[in-house]
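Chain by chain, the residues run as shown.
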Amino acid sequence: FGRMKPVIVVHGGAGRIFKEREEGSRAGVVRAALQGYGILKRRGSALDAVEEAVRSMEDDPHFNAGYGSVLNEKGEVEMDAIIMDGKNLDSGAVSAVKCIANPIKLARLVMEKTKHMLLTGCGAHLFAQAMGIPDTPGETLITERSRERWKKNLEPDSNPEEFQKDLGTVGAVAIDSEGNVACATSTGGLSNKLIGRVGDTACIGSGGYADNHSGATSTTGHGESIMKVVLARLILYHMEQGMSPEMAADTALDYMKTRVGGLGGVIVVNNSGEWAARFSTKQMSWATVKDDQLHYGIYAGERHTKSVDEALTSESEGF
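Residues numbered from 1 in each chain as written. Predicted model: local features only at pLDDT ≥ 70, side-chain atom pairs only at ≥ 80, totals over all residues. Heavy atoms only, no water.

## Some words on the sheet that holds strand 6 (residues 181–187)
- If you walk across this open sheet you meet the nine strands as 4-3-2-6-5-1-11-12-13, and the pairing is mixed. Of all strands in the sheet, those with a lone pairing partner are strand 4 (118–120) and strand 13 (304–307), marking the two edges. Across the sheet, the axes of successive neighbouring strands diverge by a mean angle of 10 degrees, strand direction being ignored.
- As defined by bridge partners, strand 5 (residues 170–175) adjoins strand 6 across six bridges and the pair is classed as antiparallel. (Pairing = 2+ DSSP bridges. Helix = DSSP H or I, 4+ residues; strand = E, 2+ residues; numbered from the N terminus. Axes fitted to C-alpha atoms, helices over the stretch in contact; angles between N-to-C directions.)

What follows is the structure, encoded as structure tokens:
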């Protein structure tokens, strides 16, 4: 028992993080990583750890997932989420869901309480009701900032593409003391997207993939590009060919950039507990905990390190 040293890695989205939001993004990924690690330290499962880390970021308005999600063309929040268990390749996902505070919890229920892997729109909503998940009025998921962006993007001379750079999908990957891996990803999607648009996040192999034989990964970035190259599965393929997590991540991101002109970011953990957080965008907020050491950053080459005890102390005092 307890052969593996547990590891968790989280991301808060790749893209461009506006100066005034940096601190909040950093604090948010650190908090999520510490919460997930807490579960792993108590011999909890990788699955519980990634779900908890993602739930923490869904509840944080700094990220484009759950509360704080961007709005579609009609001014509504429509969210996608996925979770996957590396032990048996079980997965659950939801797409285009509204009026739910934590899509990742619903994805987990799809995985465990149905024979299906992906529920969408109204069907996902009916299932949530059947599972006793309370309805959250859509308006309560909308932040002032999301509404302002939506309005700006509606102006005739606006360029929504400009804002897409600030993507903010959230995700987590982990390996627990039993050596099981898991991934979870959640997003509000693209600002001013068409109603019913579903990106990479809900798609197994694109938004995330986990397999005990190789490892786990969660992706963020331009969804349509990620889907074209099936980015998450591509990274694990490279690891199966013997690449390190970092090398596999860089190789896959590079391929996506040269082949389809897409930018993004990924977090990876392999089945021996090595991890990576890599991105081809300007920034990606990320944090990881391994051996009771917390590492985190936003810019390329940036890496802060603290002991978990130190981090938990400053966490309770507020950053």
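Read on for the rest.
## With respect to the packing of helix 8 (residues 231–240) against helix 9 (residues 245–260)
- Contact pair helix 8 / helix 9: the axes reach a minimum separation of 8 Å and the direction vectors enclose 135 degrees. What the angle tells us is that helix 8 and helix 9 run oblique. Regarding helix 8 and helix 9, the two cross each other, and that crossing is right-handed. Counted together, Leu-231, Leu-234, Ile-235, His-238 and Met-239 of helix 8 and Pro-245, Ala-248, Ala-249, Thr-251, Ala-252, Leu-253, Tyr-255 and Met-256 of helix 9 form the full contact between these two elements.
- Residues belonging to the contact of helix 8 with helix 9 are distributed by class as follows: eleven nonpolar, two polar and no charged. (Parallel < 35°, antiparallel > 145°, perpendicular 65-115°, else oblique. Left-handed = near helix turned anticlockwise from the far one by under 90°. Contact = heavy atoms within 4.5 Å. Nonpolar A, V, L, I, M, F, W, Y, C, P; charged D, E, K, R; others polar.)

## Considerations on empty space enclosed by the protein
- Per the counting criterion, the structure on display carries two cavities of 30 Å³ or more.
- In terms of lining residues, the second largest cavity is bounded by 13 residues, among which Thr-169, Thr-187, Arg-197, Asp-200 and Gly-221 are the most central.
- At three residues, the largest contribution of residues to the lining of the second largest cavity is made by strand 8 (residues 215–221).
- In the lining of the second largest cavity, the residues fall into two nonpolar, nine polar and two charged. (1 Å grid on protein atoms, 1.4 Å probe; cavity = no way out; pocket = protein on both sides within 12 Å on 5 of 7 lines; lining within 4 Å. Points joined across faces, edges and corners; volume = space filled by probe spheres on them.)

## Looking at the UniProt feature "binding site: substrate" (unreviewed entry) in the protein
- UniProt marks Arg-197, Val-198, Gly-199, Asp-200, Thr-220, Gly-221, His-222 and Gly-223 with the feature "binding site: substrate" (unreviewed entry), using the numbering shown here. Among the annotated residues just listed, those lining the second largest cavity are Arg-197, Gly-199, Asp-200, Thr-220, Gly-221 and Gly-223.
- Positionally, Arg-197 belongs in the loop between strand 6 and strand 7 (208–211).
- According to the relative accessible area criterion, Arg-197 is buried, its value standing at 14%.
- Beyond its immediate chain neighbours, meaning those up to four positions away, Arg-197 contacts Glu-78, Asp-80, Gly-189, Leu-190, Gly-223 and Glu-224.
- Tracing the sequence through the fold places Gly-223 in helix 7 (residues 223–229).
- Judged by relative accessible area, which is 1%, Gly-223 ranks as buried.
- Not counting the four nearest positions on each side in its chain, Gly-223 is found in contact with Arg-197 and Asp-200. (UniProt positions renumbered as here; feature names shortened; annotations may be inferred. Buried < 20%, exposed > 50% of the residue type's maximum accessible area, 1.4 Å probe, protein only.)

## Considerations on the environment of Leu-236
- As for its placement among the helices and strands, Leu-236 is situated in helix 8.
- On the basis of relative accessible area, Leu-236 is assigned to the buried category, the value being 0%.
- Distance from Leu-236 to Ile-83, taken between C-alpha atoms, is 16 Å for residues 153 residues apart in sequence.

## Observations concerning the layout of surface pockets
- Here the second largest pocket is characterised by a volume of approximately 270 Å³.
- Together, 14 residues line the second largest pocket, and Ala-277, Arg-278, Phe-279, Trp-286 and Gly-301 are the ones closest to its centre.
- Looking at the lining of the second largest pocket, the elements with two or more residues in it are helix 9 and strand 10 (275–279).
- The element that contributes the greatest number of residues to the lining of the second largest pocket is strand 10, accounting for five residues.
- Partitioned by chemical class, the residues of the lining of the second largest pocket number seven nonpolar, two polar and five charged.

## Remarks on the sheet that holds strand 9 (residues 264–270)
- The four strands are arranged 7-8-9-10 in an open sheet whose pairing can be described as antiparallel. The sheet is open, and its two borders are formed by strand 7 and strand 10, each paired with just one other strand. Taking the axes of each pair of neighbouring strands and ignoring which way they run, one obtains an average angle of 10 degrees across the sheet.
- Both strand 9 and strand 10 contribute to a ladder of five bridges, which runs antiparallel. Note that in strand 10 the partner of Val-269 across the bridge is Trp-275.

## As for the pattern of salt bridges
- As enumerated under the stated definition, the model contains 18 salt bridges in all.
- Its salt-bridge partner being Arg-26, residue Glu-302 comes within 2.8 Å of it at the nearest N-O pair. One end of the pair, Glu-302, is in the loop between strand 12 (293–299) and strand 13; the other, Arg-26, is in helix 1 (residues 22–41), with 276 residues separating them in the sequence.
- Arg-26 gets classed as buried once you look at its relative accessible area, which sits at 10%.
- Taking the shortest distance from any N to any O, the salt bridge between Arg-31 and Asp-60 comes out at 3.6 Å. (Salt bridge = Lys/Arg side-chain N within 4 Å of Asp/Glu carboxyl O.)

## A short note on unusual backbone geometry
- Despite not being glycine, Cys-99 shows a phi value in the positive range, around 60 degrees.
- Counting through the fold element by element, Cys-99 comes out in the loop between strand 3 (90–97) and helix 3 (103–113).
- With a phi close to 60 degrees, Asn-192 is a non-glycine residue in the positive phi region.
- Here Asn-192 is to be found in the loop between strand 6 and strand 7.

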